[in-house]
Structures are given as C-alpha cells and as structure tokens.
Amino acid sequence: MDSNTCTDAGDLKVKELLKEVRLDWSSASTKLVDDTISAIKEAIDNIPEDLKVTADVAPGFVRGVGADEVEFNFRKPKVFQVGGSYSIGCVAKPDVNIDLFVRMPKACFSKKDYLCHRYHAKRCLYLCVIKKYLKLSSSTHKVEWSTLQTEARKPVLIVFPAAQHSELPGFFVRIIPSAKSLFNLAKLNLEQSNIDVKQEGNAPQATPKYNSSILEDMFLEDNAEIVRRAFLGWEELTDALILLKVWARQRASIWAHDCLNGYLISVILSYLVIDVGGNHINKSMKAMQIFRVMLNFIATSKLWDKGLSFQSQGQQDISKEGRRAIQERKQLVKSLFPVIICDPSARFNLAFRMSQSGFMELQDEASLTLSCINNCRDGGFEEIFMTKVDFPAKYDCCIRLNLKGNSEVYASGFCLDDECWRLYEQKVHSFLNQGLGDRAKHIRVCWRNTLSECNMEDGFSMFDRELLLVGISISSLEKAFQVVDVGPDAENKEEVLKFRKFWGDKAELRRFKDGRIAESTVWECAPWERHHVIKRISEYVLLQHFALSKESMVHIVDQLDFSLHDGVEDPISSSGSLIEAFEILSKRLRLLNDIPLRVSSVQPLDPAFRFTAVYPPKPHPLANEKGLGRRLQQSTSTCIQPLEVMIQLEGSGNWPMDAVAFERTKHAFLLKIGESLQDCCGLTCIATENDVDFLMSGYAFRLKILHERGLSLVKKQVGNDQVQRVASTDKKLFLQSQHSSMINGLQGRYPIYSPVVRLAKRWIASHLFSASLAEEAIELLVARLFLNPLPFRAPCSRITGFLRFLRLLAEYDWTFSAFVVDINGDFTSDDRREIDENFKLSRKAQGENLQTFEPAMFLATSYDKSSEAWTRSSPNLSELKRLVAYARSSANLLSKLILHDQIDSYRWECLFRTPLNNYDAVVLIHRDRLPYPHHLLFPSDLNQGKHVASGNATKSFSPFISPRDIKANPEKAQSKVMVDFDPLKCLLGDLEKEFPSTFKVWYDSLGGDAIGLTWERYSSKKRGREETTGEEGRDLIEVLKAVGEVGKGFVRSVYFLKAPRLRN
C-alpha cells in the first residue's frame, strides 16, 4: 500500500462516508438557520433596556460559585457572530447545531468582576434573562441549559426552533456568550490569584484555570476568526476535519472535556497550515492525507514538548522587548499546563482543559489509528471510522463510582481554581496511579457530569448524579497478576514512612528469598482468582483515601466468573494434574517396545489440553491405574469425558491399501497398545468398536492414530483430486493437530485468551447454538481479537475480550468478507490471494439465490484456506443471522451493565439466559439425569405455550456414584463408570433419525436442560392460516408427543409454542 494514500476501495468508502455525514446546505435548510438566528435576535431585542438583574434570577448558581455583588442592569448585545463548525462549513452529522456568539456589553460588568466568580455569575444571569424571553417567542420550541466543554460554571443555552426541516434532524442553536476586551489582561495573568484560595503558609494561590476560563470568552471571537481564515475555501481541509470528528467521536476516552473536541481539532489543523506550524499541510493534499498528517503530528511531534504557538499578524515587527515578553508568557503557560496551544497573544492556552492523562490517551489513539492505516484492509476504514472504541471495549478494567450526595466532592466548594468535579477526577487518578504502579499502562478517569436537562438556576447540586468512570489499561498480565508488591528497604526510613502512610494496615515488613528486608503489600488469592488482584488494590486504595463505601463502587472484573465455575472454584485449576498425566502417558507410549511399530509422536488434541475447555475434567477417583485414587467425601460423577490424543507410528510399507482394512489395522494397533500398557503399567483399557480409551491418573485418554500416508496427501493443495481419497479420519486428525498446535502457541503468548474463549463457548452453548458453531471455530474467532486487535490493543481481561467477541460476531460483514486468521503471522500475498479466490468461489451462487451459498461464515487459516474444516456446513445463513442477532443483543446488554447498571447478579446472568419463547417448541430435560448436572447454569422452566407431553425420570441411570457405594464395593462402583456417555447426544441422534427434516434442533452441549425446536418443512400456498393452525397444528402436536416418547425417561416436558410460518 502507498504510504500516503488509501487503497482504491478505502478511498471510495471514505467518499461515501463523507457524503453520509457532511451536511450539504440546501436553500431550505439555510433559510431555517437564518430564520432561527433572526428569531433569536428578535427575542433578545424585546428585552427591556436597563432591566434590573439580581442574584434572585439564579440563586443556586450564584450561591454555588460563591459570588457576591452580582446585580447589574441588562444591556442588549450589539454583536452577534456565527461561529463553530457552521462558520467554516464543517458541520458533521448527527450533531446538527450552530454556535451563536453573543457579545456581552461592558456596561453589564464592573472593572473588578474578574474576581471571585463574579464574571461567571453575571454571565449566567445574563443568559437567564435571554432564556426567559426566548421561551416567550413563538419561534422557539424549547430552551435548555448545557455547558461549555462540561465546565459547569460556564453554561450555554440550547435553542430548538419551532420550525423543523427533514434535512436538519434535531437542529438547535447554541448561544455562547463572549466578552471581548472586557477586562484588563494584566489582571488575568496566569500567575495572578483572583479567587480566595490560600496555599500552605497562607500565601495566595495562582488561579490559572479560573483565569483561563475568563480569557477563553475574551478571545473567543478572535480565535474563531483564526480558524475561519485557515479553512476559508479549502474543501479538502474541511473534509479532513469532518473525518477527524467522526474518528474522535467513536473514541469515548478522547472525545471528552479534558481532551479533544471539534474546536480543538480545527485549531490544531489551523496550526499545521501556517508557517510557524511547519506547513505540514498544503493544498495539494487530499482529505485522508491531511487526516494522516494530523494523526502523525499528534502521535510523534516533538513540538508538544515545548508547546504550539500561533503568531499574530505583524508579530515579526514587534520590538525585542515585546518578543521577550511574549516568550516569557509562553514559558509561564508551559509551566502551568501539561498541553500548550498558545493563541497569538500568548496569554491564553487554547488547550487549558486538556489533562496529561487525556493527552496520553490521545497520542495512544493516534498511534493505533496510524497502525490501522498501515496494516488493515482498505486503509483501516472499518477500524478507524466504523468501530466504536468506548470505555467497555477499550479498557481492561472499569470502575464505576456513585458519588451522588457525597459531600467530600464539594467539601471546599463547587468552584475553586478548577471545579470540584475535575479536582476529584485528578485526585482519584493520582491515588490509583500510585496504588497500581506499573500494573497499569493507562488510567483514565472521566466524570461526564453535565446532565441533558439540568437547571442552572438551581445550582450544582444535581451535577453528582452521573457516575464517575475509571478505565484501566493493563500493562502486562505478568505485572497485573503478581500478588506481592515490594516497597522500600527497611533502612530507608523516609520512604518507609511514605509507604506506610499510603498503604496503612496493608503494609508489612517481609524478608525475601534474596535476603532483602523491605516493606511490601500482599494480595493473597487463589490461582484462578489472580485477575481479582487489580480489583482488590483499587478497592483498598479508594476505601483508604476517599469517603466511599463498598456499595458506592463497582469494579467490572469478576461478574462473569460464575459461568465458568464448577462449584466454588474454576475447574481450570486442575489442569496442572491433567498436563502431568498426559506427560506420563506420552512417556509410556514412547517407551513401548513390544508393538510392531513404535510410537514416534504424541500430541494432545482435546481443548482441555490447550486450556480452552469450558469445563476441563477433574481427576476421577475411579479412573486410576492403582484402584481408588483418594478418599471420597462427596459423590463422584458416573460419566467421564474422554480426552483425545493423537499418535503417529514409525513408517512402514506394509499397511493395507483397502480403506476398511486400513482402519481395522489402526484399531488393532490401538488394542495392542492397550494390552501392552495394561501389562506394564496396570492401566485400564476400554475398547469399543470405534475407540480405545485408557484410564490413568484420574482421566480417560482416547488414542487416535494419524497415518503418514494420509498426512502426506492432506498436505497437498486443497483442490487436488488426491485429497478426495484421503480417509476422513486422517484428514480430520490432521486439521485437529494443526489447529491444536497453533492455539497452544497462541495461548502461550496471550494467557487471557483461555478465559475469553471459555466465556465465548459458554455463551454459544447457553443460547443453544452448540450445533451451529464448532469449538474450533469459536477458538479462531477469539484468536482474531488477539492477533488483529486494531483499533484496540490485545485484551488483557476476560470481560473486555468477551465484549469484543460479541461485537465481532454482531458487526463483521460475513456475507462479503472472508474471516482470515493468520495465527503465525506468515501469510504471503499469494496466500491472501488464494483465500480471496476461494471466498469468491464460495459466493458465486449469491447472485442467483442469497440463501444457497456456503459456508455462510468463511473462516480461513493457514491449514484451511477454503473454510472446509469447521464452518463448511454450519452455521448456515439462517443460523448465522440468529447468532448475529443474539450477539448484538448481548453486546448491548453487556455494555450497559459495564457503564450504567448497579450490581445486580440477575442482570449479569441474563447474558447467559436464553429466551425459550424464541422457539416453536421446547423440550425440557430431567436435570437430575444430565451427565453433569453441576454444569447447569440456570434451571429452565416454561409457563407459556401448550403442554403436550411429560414423563418421569428413568431409574436406570444416575449421574453420581455415592462415596458409600464406592467404599462398599470399589470394583462394582468402577464398573458403573461410563466413558463418553451423554444421554443428550443419544436423544439428539434418535430425534435426527426419527424426524430427519421436520424440525431444527437447538441445544446446549455443556449441560443445558432445554432443547429448542424450530419447524423446517411446513409450507402452503393454498391453505389459510386458520386451517394451518388447525389441521397442521394437530399434526405438530402429535409430532411433539412422539418426541416425548423417543426421549422417554430423559424428557421431562414438551411444550408447543408456535405453528410454522407459511412459506411459498
């Protein structure tokens, strides 16, 4: 790809996006704007001159800012000026609004109104008067309050006109007061103290934020003119600004009061146009080139270290003393603010609200976006402009603080140099940053506390109703999961005192293995709870240093752990014993010397070996080579999951050529291996017609042989005729082995991959999609989140990864895009071309019939470039549409739970509760006859539809063996153990045999007690609905009764919910 331009496809998409979001002003829409502004001017003109205005107009606001002497006589504004995006032709949907600057006359203010918030109080009172008369105007639909960049002490009016136009949905005018030349600039020097705030020692404290708040209004018109001149007649620059707005709005962490807004974007673009800004942008550039230059400047420019500065016209003619004064003012600004964009006067920092954490996030997002442009398809269009990068999906940990009524926030007053809400943000950030240390790469604290329907006249008491959000990006899992933090050495008394002051009772003196004696903090937790460490640290720090209760804070970390637990713990904790058992088996197999061909390689295939099984098996006490493994305190399972292990034998030319004989020979080898292991190691071998299982160390291992001849054939090109002759078992084993090896490597690189995959599998099964999406396909879908995370970084928490998985399912363009997973990162252009060609071939039928092409989900990997392995036949199109709809609904719910809802376990459980009324019929299973009843998340019940059949549970099968039975007769108890027995699979097989095309079956393979049925083959052109619901309804009920008979002893109830929809 050319480094300066997008691909042709990406360029086309950008043009279409601009058409979609750019507002093209017609004569009718322009007339609405002009009429609205004229109506506003007329309403203001109706205000009586010298109207007496007192604090009683907005008593709450005046009291909140702590102002006095605020009475004045109202004078009408003489200057109205249209500003903002409309003035430079850069209005971007959906925010269709216009800024109207209203210059407040000097006569309304006294010379010292810059002191103690008098200016802010009078500014609000001035707007209150305007609001009153605007509401009397017949041209006004409604008038609301808002704030300027979420600064509560600087309200603005939102005016919605009575007239509306379809081209301007939600159109409003924002009235922003300006104060040109109102005060002596020397009195607003950034070192000046203009409110009653004292430092230690009773010295006045400088008020740079407060002074800047006033200076902003004084220079509002002049700085708007700088931007207007830069954009005048430059279409590509205006398009670039619109694109940057779309980009920033998608990113909640930077489209914020302390970071970026549309005005600041236009200011930075204006700087890059001028000589002093280095002429980075010129008129030969296209919009996307300007877009890229802007992001590169934000991400990498060294100019940010010394600050950006605009020059006034004729500044080169200023005297040496004047230039020195300007330079001194710039140095002062630099010493007071983390980010500097000086206006031409060098007295005002246009970025005075931008925080250090906000700017770091901005640089990080700019850097990630540049990576999207360089590395993603179509210049990263989807990732840059269409993907929502909000708090829930971006951050690994989110914390919500409910500070409603918390007097600590405004204990020193609502408004000091900065507002109390901003000061509280900074305090939370500082303490969390100190507490988490190098565990956190970024910490973002954001309190969007401006309400949509606030009443400024009543003051600021309602501004604590919104939740404060904290987003934490983890630096690395190794650091995040460490349970001991080492502090200063015991000899360093000064640092020890600081450490103990911060950590309080949590600090303790410890001697470490290397002999060092130092302060430390310990966050003890079980191995499967290491992801709780950051939660525990954050919770401790917040409770220690803030007036908060546990109920007022919510950490989004462990809310979904219940879905992976087996009892009180995560079964993944027993994986160590599984790997150890496999190593023993592998060693024993390789040492066998009494079989015709020695075992040359052993490879585990089951998901449990790569830590992606939702419920990896625990050691079974009756599956040991030395009898009873350990004393039992509770019942043990009757069923054992077999774990597939693939072996290869030494080469030989004596294998039979006949396919049946070939398979029988492999089975004979397995029997011989079983006999040898039984003789030399005391293993129990269980042989069936198709499989040979070995019980050892508490597990059941099922061996499979991959023959070298099959392997050599499978490795050839997929389209080769020879592949058709490969035994399906060999081909399947080869694909499984390739997949298992790659996922094992991926799991080693990304430890959080395992819990994310397990959550994804649990969700798929919970919504009865077990037959629609193979486990390997789910693993590849989740792998993409780690291998191609842009526009994010790879997730470092299970909930964040799970949310991205749901959004990926819901938003990916499955119809027109192949889903490519390059696990080893070694795809060449030829590989990608081959995949594209295979994908196009799979879609060639689309033009004829949208319902026929397959696979619906084209999933390509290095070992399967035609999507034949895991998604060839399922999901089909209807299944995929259903899957996408469920994913979208769950993603929206999860986002809401992270951002808004209070802790309610039932709401989180809803992510895994599937609505049974979405099926045409439902079959409920006896829960106590499931092979693993403890894996059932939520018991299913139905109180709707027609109850068609019911039955009692069989007494011939019980899922558990009691300790008493085992102790009384271990041999008999061991004979009851069944490997790979699952009555649900048996029922599904019987239903498929009895009703091959009557209905589609939906089920949960991980332990659900409900089966959903949707009708498949009912259609009629002539019969009406009444006849259908009558005659066919009776037929369907008979079918469902037959279903109950097929599952007799296992089926609890059958319900008929809906008749089939008619199809022609």
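In this text, all values refer to a predicted model and were calculated from it rather than measured experimentally.

Let's talk about the packing of helix H24 (residues 753–766) against helix H26 (residues 798–811)
The N-to-C vectors of H24 and H26 enclose an angle of 50°; their axes lie 8 Å apart at closest approach. The pairing of H24 with H26 is recorded here as oblique in orientation. Where H24 crosses over H26, the two elements pack in a sense that is right-handed. Every residue of H26 that contacts H24 at Pro755, Val756, Leu759, Ala760, Trp763 and Ile764 is listed here: Arg798, Gly801, Phe802, Phe805, Leu806 and Leu809.

Quick look at the sheet that holds strand E16 (residues 553–556)
Taken in spatial order, the four strands line up as E11-E12-E10-E16 in an open sheet, and their pairing is antiparallel. Lying at the two open borders of the sheet, with one neighbouring strand each, are strand E11 (440–446) and E16. Averaged over all pairs of adjacent strands, the angle between strand axes in this sheet comes to 15°, irrespective of strand direction. In this fold helix H16 (residues 420–436) packs onto strand E10 (397–401), E11 and strand E12 (468–474), with an angle of close to 160° to the strand it touches most, E11.

Examining the environment of Asn624
Tracing the backbone shows Asn624 in the loop between strand E17 (599–604) and strand E18 (636–637). What makes Asn624 buried here is its relative accessible area of 17%. The spacing of Asn624 and Leu1013 is 389 residues in sequence and 41 Å in space, taken between C-alpha atoms. Of note is the side chain of Asn624, whose polar atom sits 3.2 Å from the backbone oxygen of Pro621. Of note is the side chain of Asn624, whose polar atom sits 3.4 Å from the backbone nitrogen of Gly698.

Focus: empty space enclosed by the protein
Tallied over the full model, the rule gives six cavities of 30 Å³ or more. Of all the secondary-structure elements, those providing two or more residues to the lining of the largest cavity are helix H19 (533–545) and H26. The volume enclosed by the second largest cavity comes to roughly 70 Å³. Along its surface, the second largest cavity is lined by Leu185, Leu188, Asn189, Leu190, Arg329, Leu332, Val333, Ala346 and Arg347. Its residues assigned to classes, the lining of the second largest cavity comprises six nonpolar, one polar and two charged.

Topic: the sheet that holds strand E6 (residues 151–161)
Strands belonging to one sheet form pairs held by backbone hydrogen bonds; the direction of such a pair is parallel or antiparallel. With mixed pairing, five strands are arranged side by side in an open sheet as E3-E4-E7-E6-E5. Among the strands making up the open sheet, the edge pair consists of strand E3 (80–83) and strand E5 (140–148). Neighbour-to-neighbour, the strand axes of this sheet turn through a mean angle of 30°, independent of strand direction. Of the strand pairs in this sheet, E5 and E6 are connected by eight bridges, and their pairing is antiparallel. By the bridge assignment, Ser146 is partnered in E6 with Val156. Contacting E5, E6 and strand E7 (172–178), helix H6 (residues 208–218) runs over the sheet at an angle of about 30° to E6.

Here we look at helix H1 (residues 8–21)
Taking 1.5 Å of rise per residue, 14 residues should cover 20 Å, and H1 covers 20 Å from first to last C-alpha, within 8% of that figure. Gly10, Val14, Leu17, Leu18 and Val21 are the residues of H1 that are buried. Take H1 and look down its axis: the buried residues cluster within an arc of 100°, on one side only. In H1, the exposed residues that point more than 90 degrees away from the buried face are Asp8, Leu12, Lys19 and Glu20.

So, the packing of aromatic side chains
If you walk through the whole model with that rule in mind, you get 56 aromatic pairs. When the ring of Tyr119 is compared with that of Phe183, the centres are 5.9 Å apart and the planes differ by 80°; the resulting orientation is edge-to-face. Of this pair, Tyr119 sits in helix H5 (residues 118–135) while Phe183 sits in the loop between E7 and H6, placing them 64 residues apart in sequence. Of the two residues, Tyr119 and Phe183, both sit in the buried class.

Describing the state of the cysteines
This model, assessed by the stated rule, comprises zero disulfides. Its sulfur unpaired, Cys525 is 13 Å from the next cysteine sulfur, which belongs to Cys397. The thiol of Cys796 is not disulfide-bonded; the next cysteine sulfur, from Cys397, is found 9.1 Å away.

Digging into the pattern of salt bridges
For the coordinates displayed, the defined rule picks out 68 salt bridges. For Asp113, the salt bridge is made with Lys122, and the minimal N-O distance between the two is 2.6 Å. A relative accessible area of 4% means that Lys122 is categorised as buried. Measuring nitrogen to oxygen at the nearest pair gives 2.9 Å for the salt bridge that ties Asp1009 to Arg927.

Here's the deal with the pairing of E6
Within E6, eleven of the eleven residues are buried, leaving the element largely enclosed by the surrounding structure. The turn linking E5 back onto E6 is made up of two residues, and Gln149 within it adopts a positive phi angle of 55°. Relative to E7, E6 runs antiparallel, the two being bridged by three bridges. Bridged to Leu157 within E7 is Ile175.

Some thoughts on helix H18 (residues 493–503)
For the α-helix, the turn length of 3.6 residues means that residues three or four positions removed from each other point alike. By the burial criterion, the buried members of H18 are Val496, Phe499, Phe502 and Trp503. The arc that holds every buried residue of H18, seen down its axis, measures 130°, which confines them to one face. H18 presents Lys493, Glu494, Leu497 and Lys501 as exposed residues on the side facing more than 90 degrees away from its buried surface. Contact partners of the buried residues in H18: H16, strand E13 (484–489), strand E15 (517–522) and H19. Following H18 by one or two positions, Gly504 adopts a phi angle in the positive range, close to 60°.

Digging into the environment of Leu759
By the secondary structure assignment, Leu759 is in helix H24. The spacing of Leu759 and Asn876 is 117 residues in sequence and 23 Å in space, taken between C-alpha atoms. Not counting residues up to four positions away in its chain, the partners in contact with Leu759 are Leu560, Ser563, Leu564, Arg798, Phe802 and Phe912.

Considerations on the environment of Ile1011
Here Ile1011 shows up in strand E31 (residues 1010–1015). A relative accessible area of 0% means that Ile1011 is categorised as buried. When the C-alpha atoms of Ile1011 and Ala921 are compared, they prove to be 8.5 Å apart, with 90 residues separating the residues in sequence. Apart from the residues lying within four places of it in its own chain, the contact partners of Ile1011 are Ala921, Val922, Val923, Ile925, Leu984, Leu987, Leu988, Val1001, Trp1002 and Tyr1003.

The rules behind the values
Residues numbered from 1 in each chain as written. Predicted model: local features only at pLDDT ≥ 70, side-chain atom pairs only at ≥ 80, totals over all residues. Heavy atoms only, no water. Axes fitted to C-alpha atoms, helices over the stretch in contact; angles between N-to-C directions. Helix = DSSP H or I, 4+ residues; strand = E, 2+ residues; numbered from the N terminus. Parallel < 35°, antiparallel > 145°, perpendicular 65-115°, else oblique. Left-handed = near helix turned anticlockwise from the far one by under 90°. Contact = heavy atoms within 4.5 Å. Pairing = 2+ DSSP bridges. Buried < 20%, exposed > 50% of the residue type's maximum accessible area, 1.4 Å probe, protein only. Polar contact = N/O pair within 3.5 Å; in protein donor to acceptor, adjacent residues only side chain to side chain. 1 Å grid on protein atoms, 1.4 Å probe; cavity = no way out; pocket = protein on both sides within 12 Å on 5 of 7 lines; lining within 4 Å. Points joined across faces, edges and corners; volume = space filled by probe spheres on them. Nonpolar A, V, L, I, M, F, W, Y, C, P; charged D, E, K, R; others polar. Expected span 1.5 Å × (residues − 1). Arc of directions from axis to C-beta. Phe/Tyr/Trp six-rings, centres within 6.5 Å; stacked < 30°, edge-to-face > 60°. Disulfide = S-S within 2.5 Å. Salt bridge = Lys/Arg side-chain N within 4 Å of Asp/Glu carboxyl O.

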